[in-house]
Number of protein chains: 2
Amino acid sequence: MIEPLDGERADHPTTDLDEVVHQRHRLGILTIAAETRQAEFGYLREALDLTAGNLSRHITVLAEAGLLDIHKGYQGRRPRTWVRITPAGQAALAREMATLRALLSRHDND
Amino acid sequence: MIEPLDGERADHPTTDLDEVVHQRHRLGILTIAAETRQAEFGYLREALDLTAGNLSRHITVLAEAGLLDIHKGYQGRRPRTWVRITPAGQAALAREMATLRALLSRHDND
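We now turn to the structure provided with this report. No experiment lies behind these values; they were computed from the predicted model shown. (Residues numbered from 1 in each chain as written. Chains lettered and ligands numbered in written order. Predicted model: local features only at pLDDT ≥ 70, side-chain atom pairs only at ≥ 80, totals over all residues. Heavy atoms only, no water.)

### Some details on the relation of the copies chain A and chain B
- Once chain A is rotated about the relating axis by 180° and shifted along it by 0.0 Å, it coincides with chain B to within an RMSD of 0.0 Å. The symmetry that links the two subunits is that of a two-fold axis.
- Interface residue correspondence from chain A to chain B reaches 100%, placing this contact among same-surface, isologous pairings. (Least-squares fit on C-alpha atoms with pLDDT ≥ 70 in both. Contact = heavy atoms within 4.5 Å.)

Structure, rendered in structure tokens:
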């Protein structure tokens, strides 16, 4: 058992994780959006194995946090929704990845 | 925009994440428990900056999933609660870490 020293700030890497980004489906949406110029709703649904309602809810959370932009338009005659990662989204994803890297590095050094 | 090929299973790494383990506080509890023979409740609360109620709820989720054992006893005259990671917990944490490593490696290769 490890006991903290008086006044020591334990600062475990998981305390730096942001739940808006860390939630697994949102992490999936953001990483795919970061890989592509824009990601189409149906593609995300397939890639992440989500229902339309579930994907829509997670995209809304990310858009309201300013991490994604949502664009609606047409591909031929078919209405389509695309998402793009914002600069704030790229920064938030980079922070998440840095924290996960710290967690893995701590774990590997056990 | 990436379009999936017909019949292609997209298989994004985040679809392999288990929400019981991936939730950031539970990931913190499991990684600390994996680092120590046993972790004391008050220590976890401090290290993860959680309220007693919140920590207790997450420990219960992990114990009900068979990933942690909970032990109650005394340290001197003070009642104490300790948690230990189970073999199933170690396996689940190893899967989480492997998936995070795959996610980071995919992200780094963008």
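### Some remarks on the interface of chain A and chain B
- With 43 residues of chain A at the interface, the matching set in chain B holds 43 residues.
- Taking both partners together, chain A and chain B bury about 4000 Å²; carbon and sulfur atoms supply 58% of that area.
- Our enumeration of links across chain A and chain B arrives at six salt bridges.
- Ionic pairing is found between E19 of chain B and R24 of chain A, a salt bridge with its closest N-O pair at 2.9 Å.
- There are 17 residue pairs in polar contact (both at pLDDT 80 or more) connecting chain A and chain B.
- Contributing elements (two or more residues each) for the side of chain A that touches chain B: α1 (19-22), α2 (24-35), α3 (41-48) and α5 (87-108) of chain A.
- A total of nine residues in the side of chain A that touches chain B trace back to one element, the largest contributor, which is α5 of chain A.
- Grouping the constituent residues of the side of chain A that touches chain B by class yields 17 nonpolar, twelve polar and 14 charged. (Buried area = accessible area lost by both parts, 1.4 Å probe. Salt bridge = Lys/Arg side-chain N within 4 Å of Asp/Glu carboxyl O. Polar contact = N/O pair within 3.5 Å; in protein donor to acceptor, adjacent residues only side chain to side chain. Helix = DSSP H or I, 4+ residues; strand = E, 2+ residues; numbered from the N terminus. Nonpolar A, V, L, I, M, F, W, Y, C, P; charged D, E, K, R; others polar.)

### A look at the side chain of Q38 of chain A
- As for its position among the elements, Q38 of chain A is in the loop between α2 and β1 (39-40).
- Among the polar contacts listed, one links the side chain of Q38 of chain A to the side chain of R84 of chain A, at a separation of 3.3 Å.

### What to know about the environment of I59 of chain A
All names here are of chain A.
- Relative to the elements of secondary structure, I59 occurs in helix α4 (residues 52-64).
- Assessed through its relative accessible area of 4%, I59 is described here as buried.
- The residues contacting I59, other than those within four sequence positions of it, are I29, F41, L44, L68, I70 and V83. (Buried < 20%, exposed > 50% of the residue type's maximum accessible area, 1.4 Å probe, protein only.)

### Some words on the environment of T60 of chain A
- Take T60 of chain A: it is sitting in helix α4.
- In sequence terms T60 of chain A and I70 of chain A are ten residues apart; their C-alpha atoms lie 8.7 Å from each other.

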